[in-house]
Amino acid sequence: MQKSGLSSVPFRPVVFNPALGDLSQLIAPPYDVIDPKQCEQLLAKHPYNVVRLILPPSLNPDDPSRYSNAAKLWKQWLEEQALVEIEEPSVFVYAQRFSIGRKRKEHISLLTTIPLLNYESGLIRPHEHTMSKPKSDRLTLLRLMGAELGQVHGLLSDDTGEWHELLQSATSAPVWLCGELDGVEHIVWRITDPAFNEEVNRLLDQQWLVIADGHHRYETALTFREEVLEAKTDPNHPANFIGIVIADHQRNATVLPTHRLVRFPSFEDAERVLQEIRRHFRVSKVNWGGDEKVLSQIFQDHSGIPFLFVAQGQALLVTVTGVEGTVCQYIQQLPLPLRKVDTAVLHQAVLPVIFAAVGLKPSDLTIDYTHDSTSAFQFAQREGNMAILLRPISPELVCEVAKQGYRLPPKTTYFVPKVPSGLVMRKILSSQEISAKER
């Protein structure tokens, strides 16, 4: 019997048959970050691309049989041996090699399953709220397919570096899987030695995890577990576990900023907002043309919480210190950990003051988002548009907020790179269990 705490549990992986060729042609991003254009590109890549199974929102959205068709395809690919299940349970060390700007980076993590724990345990902590529609969508697919096509992403603390060193020690072995997706190399080492997993569990023994990505999938798995009768009597049933990629937040986590793109009803509204910004805050005009490196330097050179408002041919650096009149009152209403979170200060303090002063309501505005500063700058050049540029939140602050039981505002985190679907998969229900559910 598996213990009920946080532990790594080897599992039998399902992977694409190497005979299909380059894994790069078969994997896909997580379903919820695939836009319609990318969906078409993935479909065209290969007839066995996993996008056909994960069902991003744009793939046959009006077809009521989309879920059952994907489930039939999963079964068909297994029968054809396009997908193969490896008999021996394993854990995996997983590396991502990528570039941010001109800087090369590598993230290294453990790919495994852990017991599916309720948030009340304190061992798994969310950092954002979820919505019912995405969970309903994933639950329908999970019920029919009975399979896990990718992993959630969790973060732990590794002050000593022991976790990182243990995972690094496994990378001298031959690579088991590798593929490339959107400029990111994904490399997997398969480990069957029980001694390695014992050491992993020694390090996990006093740990707790923050969900970095995959909140909807995690909560869907909790719901699904309650529906599987066999899971109630068999503690080792696959539905009692969830696939996860675990990395430390100190060395192996990267968050991109999420800039706000605001469309005002008129040119005059944008101009009035700029005037109110000057009236309420300490403002300095800066020379900025969209370069990411320059933006980072602008933010580093100022104390407090800086925001860059770009509109009407101007770039205004606003620095919030927390003592600015009405804004101070709003900030004091935030829980202490959230007072250090830029998006919380922006949406709960800065924007309410500015928009109220010019008589604008949130419903009057259209707000979009981008992670790219150049795109934000270009957006702001059009009349009536404003870009609000922010710093990325640090992984450490994400963990601090989650540790104290709070959740971040929407569109605060965007962890990169994403863990692809189709790299390493897992059966949750046997073919017999799926057949029984269909009857």
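Structure first, text after, so check above.
Residues numbered from 1 in each chain as written. Predicted model: local features only at pLDDT ≥ 70, side-chain atom pairs only at ≥ 80, totals over all residues. Heavy atoms only, no water.

1. With respect to the sheet that holds strand 10 (residues 209-213)
Pairing between the strands of a sheet is mediated by backbone hydrogen bonds and can be parallel or antiparallel.
At step 1: Pairing is mixed in the open sheet, where eight strands are placed in the order 5-10-7-11-4-3-9-8. Looking along the sheet, the strands with just one partner apiece sit at the ends: strand 5 (124-125) and strand 8 (177-181).
At step 2: Pairing of strand 8 with strand 9 (residues 184-191) involves five bridges; the strand directions are antiparallel. Bridge assignment links L181 to a residue of strand 9, and that residue is V184.
At step 3: Its contacts with the sheet put helix 14 (residues 395-403) on strand 5, strand 7 (152-156) and strand 10, and the angle it makes with strand 10 is roughly 125°. (Pairing = 2+ DSSP bridges. Helix = DSSP H or I, 4+ residues; strand = E, 2+ residues; numbered from the N terminus. Contact = heavy atoms within 4.5 Å. Axes fitted to C-alpha atoms, helices over the stretch in contact; angles between N-to-C directions.)

2. Some points on the side chain of D342
At step 1: With respect to the helices and strands, D342 occurs in helix 12 (residues 342-358).
At step 2: Looking at D342, the relative accessible area reads 8%, which means it is buried.
At step 3: Reaching out from D342, the side chain makes a polar contact with the side chain of R391 at a distance of 2.9 Å.
At step 4: Excluding its chain neighbours within four sequence positions, the residues that come into contact with D342 are I305, P306, F307, L390 and R391. (Buried < 20%, exposed > 50% of the residue type's maximum accessible area, 1.4 Å probe, protein only. Polar contact = N/O pair within 3.5 Å; in protein donor to acceptor, adjacent residues only side chain to side chain.)

3. So, empty space enclosed by the protein
At step 1: Under the definition given, this model contains two cavities of 30 Å³ or more.
At step 2: Counted as a void, the largest cavity has a volume near 370 Å³.
At step 3: Of all the elements in the fold, those that place two or more residues in the lining of the largest cavity are helix 4 (132-145), strand 6 (147-148), helix 7 (215-227) and strand 11 (241-248).
At step 4: Here the residues of the lining of the largest cavity sort into 16 nonpolar, five polar and four charged. (1 Å grid on protein atoms, 1.4 Å probe; cavity = no way out; pocket = protein on both sides within 12 Å on 5 of 7 lines; lining within 4 Å. Points joined across faces, edges and corners; volume = space filled by probe spheres on them. Nonpolar A, V, L, I, M, F, W, Y, C, P; charged D, E, K, R; others polar.)

4. Some words on the sheet that holds strand 16 (residues 314-320)
At step 1: If you walk across this open sheet you meet the six strands as 14-16-15-18-13-17, and the pairing is antiparallel. The outermost strands of the open sheet, each flanked by one partner alone, are strand 14 (282-285) and strand 17 (366-370). Each strand of the sheet is rotated relative to its neighbour by a mean of 25°, with strand direction disregarded.
At step 2: Note: strand 13 (residues 259-263) against strand 18 (residues 385-389), four bridges, orientation antiparallel. Directly across from L261, in strand 18, lies its bridge partner A387.
At step 3: Strands strand 13, strand 15 (305-311), strand 16 and strand 18 of the sheet are contacted by helix 12, whose axis makes an angle of about 65° with strand 15.

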